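# Examining the three-dimensional arrangement
So you can see what is in the structure, the chains are spelled out below.
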Amino acid sequence: MDIVVKGRKTEVPERFRKHVAEKLKLEKIQRLDAKVISLDVEVSKEPNPRQADRCDRVEITLRSRGPVIRAEAAASDPYAALDLAAEKLDARLRKQHDKRYSRRGARRISAAEVPDHVPDAATLNGNGQPVHDEDTDGVPTKKIGSLEVKGEGPLVVREKTHVAAPMSLDQALYEMELVGHDFYLFVDSETKEPSVVYRRHAYDYGVIHLSTDPMVTEVQPPAAGGTLGG
């Protein structure tokens, strides 16, 4: 496995590529995660002079058979940013490694590993029905939130579909920390309903649960000229 180093709107000098190879020791990484598939390093530069102390950003993405682990940092130069991002990556790898070997009983499958164990998993729409590539008249139809869009439809900047295994709140927090995001969407193993855990201040977290109201079958749009809030 090689380390792929690329620049986004900036050139990456050969000296920095060598520094990446010296800083990110593959042998050490593979000891912590023996199932590493790829390791990418992306360098970008912020042109805003007001952010000179954080103008260089480095993002490290490690893909393996488990969850994707990302670590990013910004500093006044790419070498300092790489050092900070490498420290975060090492901490997250160690946390994943320690938790993997401290678990008791059978190993649980994470949401990221479900496609490896469930081939041809179905994609469902917002109503829980299988999504078909084309409808009866031959025009592709898909669900975007509560909208049923035929053909190209409205502009969608980005759309992702994930197969999710139900998990506990504790596991969702762990998965969020691994990918380094500020929120994580998951299916609660107790309620079987979609939920979102998110980062608040310092080490505080919040969680949003969604539940279906059996008394409401469909949300009706407000009538023209009506008022909100009563």
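Read on for a plain summary of the structure.

### As for the overall build of the chain
Assigned secondary structure in the chain consists of five helices and nine strands. Start at the N end of the chain and walk to the C end: the helices and strands fall as β-α-α-β-β-β-α-α-β-β-α-β-β-β. Residue burial in the chain is summarised as follows: out of 230 residues, 26% are buried. Looking at the chain alone, contacts between residues at least 24 apart form 41% of all its contacts between residues at least 6 apart. Here the chain displays about 16400 Å² of accessible surface, and carbon together with sulfur accounts for 52% of that area.

### So, the pattern of salt bridges
Using the criterion set out here, one finds nine salt bridges in the structure. A salt bridge links Arg-57 to Glu-72; the shortest N-O distance between them is 2.9 Å. Taken together, the positions of Arg-57 in strand β3 (residues 56–64) and Glu-72 in strand β4 (residues 69–75) put the pair 15 residues apart, joining distant regions of the chain. Classification of Arg-57 by relative accessible area gives partly exposed; the value is 30%.

### Examining the sheet that holds strand β8 (residues 194–199)
Taken together, three strands build an open sheet; the order of strands is β7-β8-β9 and the sheet is antiparallel. Both outer strands of the open sheet, β7 (183–187) and β9 (205–209), are each paired with one neighbouring strand and no more. Between one strand and the next, the sheet's axes are offset by a mean angle of 20 degrees, whatever the strand orientation. Pairing analysis gives five bridges linking β8 to β9, with the strands arranged antiparallel. Each residue of the ladder has a partner; that of Tyr-198, found in β9, is Gly-206. Running over the sheet, helix α5 (residues 169–179) touches β7, β8 and β9 and is turned about 50 degrees from β8.

### What about the nonpolar core?
Proteins that are soluble and globular tend to have nonpolar side chains buried together. Ranked by internal contacts, the top residues of the largest apolar core, which has 26 residues, are Phe-16, Leu-24, Ile-29, Val-58, Ile-60, Leu-62 and Leu-89. Within the residue set of this core, elements represented by two or more residues are α1 (14–23), α2 (26–32), β2 (36–45), β3, β4, α3 (78–102) and α5. If near-sequence neighbours (up to four positions away) are discounted, Ile-60 is found in contact with Leu-24, Leu-39, Asp-40, Val-41, Ile-69, Arg-70, Ala-71, Leu-82, Ala-85, Ala-86 and Leu-89. In terms of nonpolar packing, the next biggest core, distinct from the first, is built from six residues, Met-176, Tyr-184, Phe-186 and Val-197 among them.

### Looking at α5
Across the 11 residues of α5, eight count as buried, placing the element largely inside the fold. Residues of α5 that are buried: Gln-171, Ala-172, Tyr-174, Glu-175, Met-176, Glu-177, Leu-178 and Val-179. Of the residues flanking the end of α5, it is Gly-180, one or two places downstream, whose phi is positive at about 75 degrees.

### Things to note about the sheet that holds β4
Reading across from one edge, β1-β2-β3-β4 is the order of the four strands in this open sheet, with mixed pairing throughout. What marks the edges here is a single partner per strand, and that holds for β1 (3–8) and β4. Averaged over all neighbouring strand pairs, the angle between strand axes comes to 15 degrees, with direction disregarded. Note: β1 against β2, six bridges, orientation parallel. Bridge pairing in β2 places Val-5 opposite Val-41. Against the sheet, α1 makes contact with β1, β2 and β3, and its axis sits at roughly 140 degrees relative to β1, the strand it touches most.

### Notes on the packing of aromatic side chains
One pair of aromatic rings is described through two measures. These are the centre distance and the angle between the planes. Per the counting criterion, the structure on display carries one aromatic pair. Pairing Phe-16 with Tyr-79 gives two aromatic rings, centres 5.3 Å apart and planes at 75 degrees, and the pair type is edge-to-face. With Phe-16 in helix α1 and Tyr-79 in helix α3, this pair connects stretches of sequence that are 63 residues apart. Overall, Phe-16 belongs to the buried group, its relative accessible area being 2%.

### Remarks on the pairing of β4
Remark: a regular strand shows side chains that alternate across the two faces of the sheet. The buried count for β4 comes to five of seven residues, which makes it a mostly enclosed element. Sheet topology note: the β3/β4 ladder contains seven bridges and is antiparallel. Opposite Thr-61, over in β4, you have Arg-70 as the bridge partner. Joining the antiparallel neighbours β3 and β4 is a turn of four residues.

What counts, and at which threshold
Residues numbered from 1 in each chain as written. Predicted model: local features only at pLDDT ≥ 70, side-chain atom pairs only at ≥ 80, totals over all residues. Heavy atoms only, no water. Helix = DSSP H or I, 4+ residues; strand = E, 2+ residues; numbered from the N terminus. Buried < 20%, exposed > 50% of the residue type's maximum accessible area, 1.4 Å probe, protein only. Contact = heavy atoms within 4.5 Å. Areas by Shrake-Rupley, 256 points an atom, 1.4 Å probe, with all protein chains shown as cover. Salt bridge = Lys/Arg side-chain N within 4 Å of Asp/Glu carboxyl O. Pairing = 2+ DSSP bridges. Axes fitted to C-alpha atoms, helices over the stretch in contact; angles between N-to-C directions. Core = buried A, V, L, I, M, F, W, Y, C linked by side-chain atoms within 4.5 Å. Phe/Tyr/Trp six-rings, centres within 6.5 Å; stacked < 30°, edge-to-face > 60°.

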